[in-house]
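Descriptive analysis of the structure
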Amino acid sequence: MVRLDDLLVFVRAADLGGFSAAARELRISAAVASAAIKRLEAELGEPLFLRSTRSLRLSEGGERFLDHARAALQALGDGQAALARGRSALQGTLRVALPSDLGRSCLLAWIDELQAEHPRLHLHVCVSDRLADLFRQPIDVAFRYGRLDDSGLVSLPIAPTNARALCAAPSYLARRGAPRSLDELADHNCLRFVVGDQVYSRWVFGAEDGPRAAIVAGDRVSDDAELVRRWALAGLGIAYKSRLDVADDLAEGRLVELLSEETGEALPLHMVCMERHQLTPVVRRLRERIAERCAARLARAASPRGR
């Protein structure tokens, strides 16, 4: 059987005009190169080179065989490249849980982009503001807002500097005016949502002298953060939302940030999973992409159009 390394020595010797030159390029000894050609000639039953004390040139059979040897080596290289591409391609099923508002507004689109680049990647997506139970549900990774308790989960930061933003639509502000202090939030219709099993009615703001809280009320409560954002866009009240959720609305002027001198409650975004072995190439690539996109989204929100 013809050895592929013997073929390589033959092709390089033919190209370079000698065994010694081929040996130097391939980092083998001249004796090893010469033995490879002899072995190949014995396997083929025909001399491939015409040798003399002054020259070395291809025989007629060597000339006929050279193109086939090149094709064999090219086919091997193509096969190795195909295997490498297969190893680097993202594939398998990814089960991911997303928060409702950020999930629908941008995370789904970013994940779809990743799948379009890697068609063998299959998705199973759960969209909900209720925390997925990674110990009981068939979920590989979940995106979660807020500071995480010591749950034993593996956590990777996505947007560690994200915080809440107090905001309202221009139509609401034209009708009701803007609050001039946290105390004046009591006079406004505040759009609330459910966190865990509790209505989030105590809106906390950071300050150098310690956190401050405003107790708010209003005529609308939802367990879906996306619906709260829609209410705010419709001019129905003031929302205290994740800046990531309302980044495009702030940048485009659909929502206006209020009391910007107050530091919004920290609301970092994490990607979590149960075990470190679940940090597969798919998960790591997903985390890198979404972290980059979130950073760009927050930067855009910080420079709204017209400022």
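Our structure's up above, just so we're on the same page.
Description of the structure in this document. (Residues numbered from 1 in each chain as written. Predicted model: local features only at pLDDT ≥ 70, side-chain atom pairs only at ≥ 80, totals over all residues. Heavy atoms only, no water.)

Our next topic: the packing of helix α5 (residues 100-117) against helix α7 (residues 225-233). Their axes nearest at 6 Å, the elements α5 and α7 cross at an angle of 75°. As far as their axial angle goes, α7 and α5 are roughly perpendicular. Between α5, through S100, D101, R104 and S105, and α7, the contact on the second element is made entirely by A225, E226 and R229. For the contact of α5 with α7, the per-class residue count stands at one nonpolar, two polar and four charged. (Axes fitted to C-alpha atoms, helices over the stretch in contact; angles between N-to-C directions. Helix = DSSP H or I, 4+ residues; strand = E, 2+ residues; numbered from the N terminus. Parallel < 35°, antiparallel > 145°, perpendicular 65-115°, else oblique. Contact = heavy atoms within 4.5 Å. Nonpolar A, V, L, I, M, F, W, Y, C, P; charged D, E, K, R; others polar.)

This part takes up the pattern of salt bridges. Enumeration over the complete set of coordinates arrives at 27 salt bridges. Here D6 makes a salt bridge to R39, at a shortest N to O gap of 2.9 Å. Taken together, the residues span a long stretch of sequence, with D6 in helix α1 (residues 4-16) and R39 in helix α3 (residues 30-44) at a distance of 33 residues. On the basis of relative accessible area, D6 is assigned to the buried category, the value being 2%. According to the relative accessible area criterion, R39 is partly exposed, its value standing at 34%. Two residues, R104 and E226, come together in a salt bridge whose shortest N-O distance is 3.1 Å. (Salt bridge = Lys/Arg side-chain N within 4 Å of Asp/Glu carboxyl O. Buried < 20%, exposed > 50% of the residue type's maximum accessible area, 1.4 Å probe, protein only.)

Moving on, we get to helix α8 (residues 243-252). With eight of ten residues buried, α8 is to be regarded as a mostly interior element. When α8 is considered as a whole, its buried residues turn out to be R243, L244, D245, V246, A247, D249, L250 and A251. Trailing α8 by a residue or two, G253 shows a phi angle of about 85°, which is positive.

Looking now at the sheet that holds strand β16 (residues 269-273). Pairing in this open sheet of five strands is mixed, and the strands run β4-β3-β5-β16-β6 from one edge to the other. Both outer strands of the open sheet, β4 (121-127) and β6 (154-159), are each paired with one neighbouring strand and no more. Across the sheet, the mean angle from the axis of one strand to that of its neighbour is 25°, orientation sign disregarded. Here two bridges tie strand β3 (residues 92-98) to strand β5 (residues 141-145), and the two strands are oriented parallel to one another. Within β5, the residue paired with A97 across the bridge is A142. The sheet contacts of helix α9 (residues 281-301) involve β3, β4, β5, β6 and β16, and relative to β6 the element is tilted by about 30°. (Pairing = 2+ DSSP bridges.)

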